[in-house]
Amino acid sequence: MFSEIKEGTTKIIVPEQLKRSMFYNPKMELCRDIDVASVSAFATALPSRQQPIYIDALAGSGVRGVRIANEVGMCVHINDRSTPAYELIKRNIALNSLEERACAYNENANILILQTRYEMVDLDPFGSPVPFLDAACKSVRRLLLVTATDTAPLCGAHTGGMRKYGAKPLNTDYHTEMATRVLLGAVTRDLCKYDKAIQPLLSYSTAHFIRIIARVERGAKRADACMNRLGFIAHCFACGNRCVCSDMLDLKRECTVCGAKVRIAGPLYLHAIKENAFCEQVHDELGKRELGKKSEAMKIVDTCIHELDIPYYFEHHAICKVLKIPPPPIASLIDALRSAGFHASRTHFSDVAVKTDARIDAIKDILMRL
Ligand SMILES: C[S@@+](CC[C@H](N)C(=O)[O-])C[C@H]1O[C@@H](n2cnc3c(N)ncnc32)[C@H](O)[C@@H]1O
Ligand SMILES: [Zn+2]
């Protein structure tokens, strides 16, 4: 019924079949590898006298928290309200002889999180983190890690963006990034209520989840400044043009390229969603560790480092389809955009997309000449 596996350098007992009551998802190993490197990079910068407490609030088998205790050496609280999961967490702590550093809990996450001011709070729920965000934002002092797997409402593919996250996403070619920024916007607003600000360190998305890792800073002034990073994107579905605007009153209702009526997405977090110095440290940490998904993780972080801080990207395959031309290699498009004086980069959100400050009409011109 159970088997022993290894993730990183940690031994973990997991159910042989996928079970909701003792949840272990092997597909999230990549995410956990990046977490180990990120928490380690973050902890290195803390004063050495501190022994911060990290909470894995929705732990399932406990794999994430047990790995942080074992591979980073942190004091951790590992919690799940399911009793079979709690029993499994205790077994996994014992299996790695971590009793001095790791404590298992069998509580409702919101109640447990609110009982302590945790230095680091990790939310890895089924679906949406929204039911736990308020408590996490109230408790957290330094580092917040949040997963969302409810990508459909966050992307605008289903309804629910406004209801759950208080923001309207649009189902555009850059919907994955929009989802990440809707989530960051919701976290910003929840933190600001408690006079805290978010500083995203590494935000990324793969096929089925979004993960944000963010430093939390305290102070009403910082929180106010952080709120000013929220804004809107006006998107034209007729020609693909998009414009960023921090004040809704300044938004133009007509497309500045083709004159069609635009649609508005937001509020979204519009500033940088990663900090390059931190990502470099994470990349170094990944490089020197024994990890199952090392090369995949390093590729994501490396692409994030080189990604422009522009809140959208252009799927060049989709544009070429409209233009009825074969898509050029992405590297050629990036070179051509740079030669024409624009900034351009790849994005980890999509292998067939570019980030650029060029407008859609300029991109189309360049594609037609390639
Ligand atoms: C996606 S799983 C966690 C996976 C785990 N973090 C990992 O890395 O493998 C979500 C877990 O949250 C637990 N859960 C759901 N609601 C909860 C609540 N209110 N309090 C505590 N645990 C809860 C579920 O029992 C489930 O084990
Ligand atoms: Zn237009």
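Residues numbered from 1 in each chain as written. Chains lettered and ligands numbered in written order. Predicted model: local features only at pLDDT ≥ 70, side-chain atom pairs only at ≥ 80, totals over all residues.

Draft legend 1. Layout of the overall build of the chain. Each helix and strand counted, the chain has 14 helices and 15 strands in total. Computed over its C-alpha atoms, the radius of gyration of the chain comes to 21 Å, within 12% of the 21 Å expected for a compact globule of 370 residues. Projecting the C-alpha coordinates of the chain onto the three principal axes gives extents of approximately 65 × 40 × 40 Å. Here the chain holds 370 residues, and 51% of them are scored as buried. Counting only contacts in the chain whose residues sit at least 6 apart along the sequence, the fraction spanning at least 24 positions is 62%. (Helix = DSSP H or I, 4+ residues; strand = E, 2+ residues; numbered from the N terminus. Rg over C-alpha atoms; globule rule 2.2 N^0.38 Å. Buried ≥ 20, exposed ≤ 12 C-beta atoms within 10 Å, placed from the backbone. Contact = placed C-beta atoms within 7 Å.)

Draft legend 2. View of the domain arrangement of the chain. Looking at the chain, the domain boundaries give domain 1 (2–306) and domain 2 (315–369). Centre-to-centre, using C-alpha coordinates, domain 1 lies 30 Å away from domain 2. Residue-level contacts link 13 residues of domain 1 with ten residues of domain 2. Secondary structure elements with two or more residues in the side of domain 1 that touches domain 2: helix H8 (175–192), strand E8 (196–205) and helix H11 (294–306). The element that contributes the greatest number of residues to the side of domain 1 that touches domain 2 is H11, accounting for four residues. For the side of domain 1 that touches domain 2, the class distribution of residues is five nonpolar, six polar and two charged. (Domains from an automatic or database assignment. Nonpolar A, V, L, I, M, F, W, Y, C, P; charged D, E, K, R; others polar.)

Draft legend 3. Structural context of the sheet that holds strand E11 (residues 242–245). If you walk across this open sheet you meet the three strands as E11-E10-E12, and the pairing is antiparallel. Two strands lie at the open edges of the sheet, namely E11 and strand E12 (263–269), each paired on one side alone. Taken over all neighbouring pairs, the strand axes of this sheet differ in orientation by 25° on average, direction set aside. Summarising the sheet, strand E10 (residues 230–235) and E11 pair through four bridges and their orientation is antiparallel. Each residue of the ladder has a partner; that of His235, found in E11, is Arg242. (Pairing = 2+ DSSP bridges. Axes fitted to C-alpha atoms, helices over the stretch in contact; angles between N-to-C directions.)

Draft legend 4. Layout of the environment of Ser97. Take Ser97: it is sitting in the loop between helix H3 (83–95) and strand E5 (102–105). The class of Ser97 is exposed, set by 10 C-beta atoms lying within 10 Å. Measuring from C-alpha to C-alpha, the distance between Ser97 and Pro125 comes to 26 Å, with 28 residues separating the pair along the chain.

Draft legend 5. Main features of the nonpolar core. Formed by 118 residues in total, the largest nonpolar core has its most connected members in Val121, Ala136, Leu144, Leu183, Val187 and Leu268. Counting only domains with at least three residues in this core, you end up with domain 1 (2–306) and domain 2 (315–369). (Core = buried A, V, L, I, M, F, W, Y, C linked by C-beta atoms within 7 Å.)

Draft legend 6. Region of the structure containing the pairing of E10. In terms of burial, E10 is largely enclosed, as six of its six residues are buried. Strand direction decides the pairing type here: E10 and E12, joined by five bridges, are antiparallel. Looking at E12, one finds that His235 is bridged to Arg263. The loop that links E10 with its antiparallel partner E11 comprises six residues; one of these, Gly240, has a positive phi angle of about 90°.

Draft legend 7. Here's a closer look at unusual backbone geometry. Cis peptide bonds are those with omega within 30 degrees of zero, and the linkage from Gly266 to Pro267 qualifies with 0°. Along the chain, the position of Pro267 falls in strand E12. Phi is positive for Lys324, which is not a glycine, with a value near 60°. Here Lys324 shows up in the loop between helix H12 (316–323) and helix H13 (330–339).

Draft legend 8. Inspection of the sheet that holds strand E15 (residues 350–356) at higher detail. If you walk across this open sheet you meet the three strands as E13-E15-E14, and the pairing is antiparallel. Unpaired on one side and paired on the other, strand E13 (314–315) and strand E14 (344–347) mark the two borders of the sheet. In this structure, E13 lies alongside E15, joined through two bridges in antiparallel fashion. Bridging across to E15, Phe314 finds its partner in Val354. Along the sheet, H13 makes contact with E14 and E15, crossing E15 at roughly 5°.

Draft legend 9. Quick look at the pairing of E5. By the bridge criterion, four bridges tie strand E4 (residues 75–79) to E5 in an arrangement that is parallel. Within E5, the position partnered with Val76 by the bridge is Ala102.

Draft legend 10. View of the packing of helix H1 (residues 29–44) against helix H10 (residues 276–288). Two elements in contact, H1 and H10, have axes separated by 8 Å at closest approach and are oriented at 120°. In terms of orientation, H1 lies oblique with respect to H10. Of the two possible hands of crossing, H1 and H10 adopt the one that is right-handed. Where H1 approaches H10, its residues Ile34, Ala37, Ser38, Ser40 and Ala41 are matched on the opposing element by Phe278, Gln281, Val282, Glu285 and Leu286. Looking at side-chain class alone, the contact of H1 with H10 contains six nonpolar, three polar and one charged residues. (Parallel < 35°, antiparallel > 145°, perpendicular 65-115°, else oblique. Left-handed = near helix turned anticlockwise from the far one by under 90°.)

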